[in-house]
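# Per-entry structural report
The chain contents come next:
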Amino acid sequence: MKRAFITGIEGQDGSYLAELLLSKNYEVHGIYRQSTNGGSPNLKPLKANATVFEKTLFLHPADLDDAKSIRVPLEKSAPDEIYHLASQSHVGASFEKVEETCRITGLGALRLLELTRKLPKAPRFFHASSSEIFGSPEQSPQTEITPVNPITPYGSAKALGTQMTRIYRKNFGLFAVNGILFNHESPRRGENFVTRKICRAVAAIKSGRQSELVLGDTSAQRDWGHARDYVRGMWLALQHDTPEDFVFATGKLHRVQDIVELAFKTVDLDWQKFVRQEKQFFRPADPRQVVGNAVKAKQLLSWEPEISFEQTIAEMVQSELNALAGRVAN
Ligand code: GDD
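The structure contained in this document is the topic of the report that follows. As the structure is a prediction and not an experimental result, all values here were calculated from the model.

Okay, the sheet that holds strand E2 (residues 27-32) next. Taken in spatial order, the seven strands of this open sheet run E3-E2-E1-E4-E5-E6-E11, and their pairing is parallel. Two strands close off the open sheet at either side, each with one partner strand: strand E3 (57-61) and strand E11 (246-248). The sheet shows a mean angle of 20° between the axes of neighbouring strands, taken without regard to direction. With five bridges joining them, strand E1 (residues 3-7) and E2 adopt parallel strand pairing. The residue of E2 that forms the bridge with Thr7 is Ile31. Sitting on the sheet, helix H1 (residues 12-23) touches E1, E2, E3 and strand E4 (81-84), and the angle it makes with E1 is about 175°. Lying over the sheet, helix H3 (residues 67-77) contacts E1, E2, E3 and E4, oriented at roughly 165° with respect to E1.

So, about the packing of aromatic side chains. On inspection of all chains with the given rule, the structure shows eight aromatic pairs. With centroids separated by 4.7 Å and ring planes inclined at 65°, the aromatic side chains of Tyr168 and Phe172 adopt a geometry described as edge-to-face. Of this pair, Tyr168 and Phe172 both sit in helix H6 (residues 153-172), four residues apart, roughly one helical turn. Accessibility expressed as a relative area gives 40% for Phe172, which makes it partly exposed. Measuring from ring centre to ring centre gives 6.2 Å for Phe246 and Phe248, while their planes differ by 35°; the resulting arrangement is tilted.

Once that is clear, we can look at the nonpolar core. Residues Ile6, Leu17, Leu21, Val28, Tyr83, Phe126 and Phe248 are the most contacted members of the largest nonpolar core, which totals 46 residues. Looking at this core element by element, the count peaks at eight residues for helix H8 (residues 227-239). Residues within four places of Phe126 in sequence aside, it is in contact with Ile82, Tyr83, His84, Leu85, Val177, Asn178, Gly179, Met234, Ala237 and Leu238. Val202, Ile259, Val267 and Val275 belong to the second largest nonpolar core, which has 21 residues in total.

Turning next to the pattern of salt bridges. Scanning the model with the defined rule gives 23 salt bridges in all. With a shortest N-O distance of 2.9 Å, Asp65 and Arg103 are connected by a salt bridge. Taken together, the residues Asp65 in the loop between E3 and H3 and Arg103 in helix H5 (residues 98-117) connect sequence positions 38 residues apart.

Let us look at the packing of helix H7 (residues 194-206) against helix H9 (residues 256-266). With their axes 10 Å apart at the nearest point, H7 and H9 run at an angle of 30° to one another. Compared by their axis directions, H7 and H9 come out roughly parallel. Relative to H9, H7 is oriented so that their crossing is right-handed. Counted together, Val194, Thr195, Ile198, Val202 and Ile205 of H7 and Val256, Ile259, Val260, Ala263 and Phe264 of H9 form the full contact between these two elements.

Of the residues making up H3, those classed as buried are Ser69, Ile70, Pro73, Leu74 and Ser77. The arc that holds every buried residue of H3, seen down its axis, measures 120°, which confines them to one face. Residues of H3 that are exposed and point more than 90 degrees away from the buried face comprise Lys68 and Lys76. On its buried face, H3 sits against E1, E2, E3, E4 and H5. Once H3 ends, the next one or two residues include Ala78, with phi positive near 40°.

Criteria and cut-off values
Residues numbered from 1 in each chain as written. Predicted model: local features only at pLDDT ≥ 70, side-chain atom pairs only at ≥ 80, totals over all residues. Heavy atoms only, no water. Pairing = 2+ DSSP bridges. Helix = DSSP H or I, 4+ residues; strand = E, 2+ residues; numbered from the N terminus. Axes fitted to C-alpha atoms, helices over the stretch in contact; angles between N-to-C directions. Contact = heavy atoms within 4.5 Å. Phe/Tyr/Trp six-rings, centres within 6.5 Å; stacked < 30°, edge-to-face > 60°. Buried < 20%, exposed > 50% of the residue type's maximum accessible area, 1.4 Å probe, protein only. Core = buried A, V, L, I, M, F, W, Y, C linked by side-chain atoms within 4.5 Å. Salt bridge = Lys/Arg side-chain N within 4 Å of Asp/Glu carboxyl O. Parallel < 35°, antiparallel > 145°, perpendicular 65-115°, else oblique. Left-handed = near helix turned anticlockwise from the far one by under 90°. Arc of directions from axis to C-beta.

Structure follows, in structure tokens:
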């Protein structure tokens, strides 16, 4: 039985990845922040499953800011594979919390690499890198060799983790890889990311609980995939013969406005009656032309996204409607 160690197991990606690995008969260890008490709704089904929880899934409190708190569960679990997903992951918030973002997102990755290197038998290491490392690139679509040139504090912190992963691979012989992940969404997405914010609002407006949706720049474009596809890519990247960086992306650009129109259409409402833009949600800098070319992942890992943008948004709206219906029924 293989053992995996996941940072950020409570998040969207961490919870889907835990489910995937458990289905492949891994023993999974995850760390959660003391402040959340391990109470993330994303882990509820797994924690309620008596054949899994504390049998093949183990959760440990630890803080990325405190190497000691990670060392103990890491050494005890002696994993074959580490998936480093935890970070301060909100790009907009990184402009307000610059230092914290650099500490958690940038230095956090370095701390974990250093701990990994010192383990008696170094596990394979996956770093969740981001398309934000490219900033607003001149080359489009982006690949693994597109120059790193971030324009946001978050992108800069991720660039540090990405470069360190490469440095530890080259200089210390670690099987360390970057998955350069473009945006990926699901009903488990945090509420302050734009897809979830829109889908939640649409369900709330449909049920008469909210009267408007206030957004930032609706002309902003991203390459949006589904998180379930991307965690499959993470696992594949660590099963490959050699340590390589991989772009995971759909190769398709959509506007925030496209999400708005799709989501409102799902519930037969006219978006124009409810949506407005406000400066407070615009960012000081926002990458442009962020679209990935995942041909390397396709060729070496046989990875391709399976869930479309339209399916993702429909699933997210439906999940919000279900949640509201559940709340009413309760
Ligand atoms: N969050 C948010 N809220 N974004 C808005 C809004 C709003 O009201 N209005 C417009 N946007 C625009 C943002 O300016 C950005 O251009 C786009 O919607 C997507 O924003 P987010 O959903 O917050 O995601 P992100 O692209 O900044 O970052 C996500 O993807 C990266 C790449 O995969 C995060 O998941 C990062 O952690 C990740 O690295």
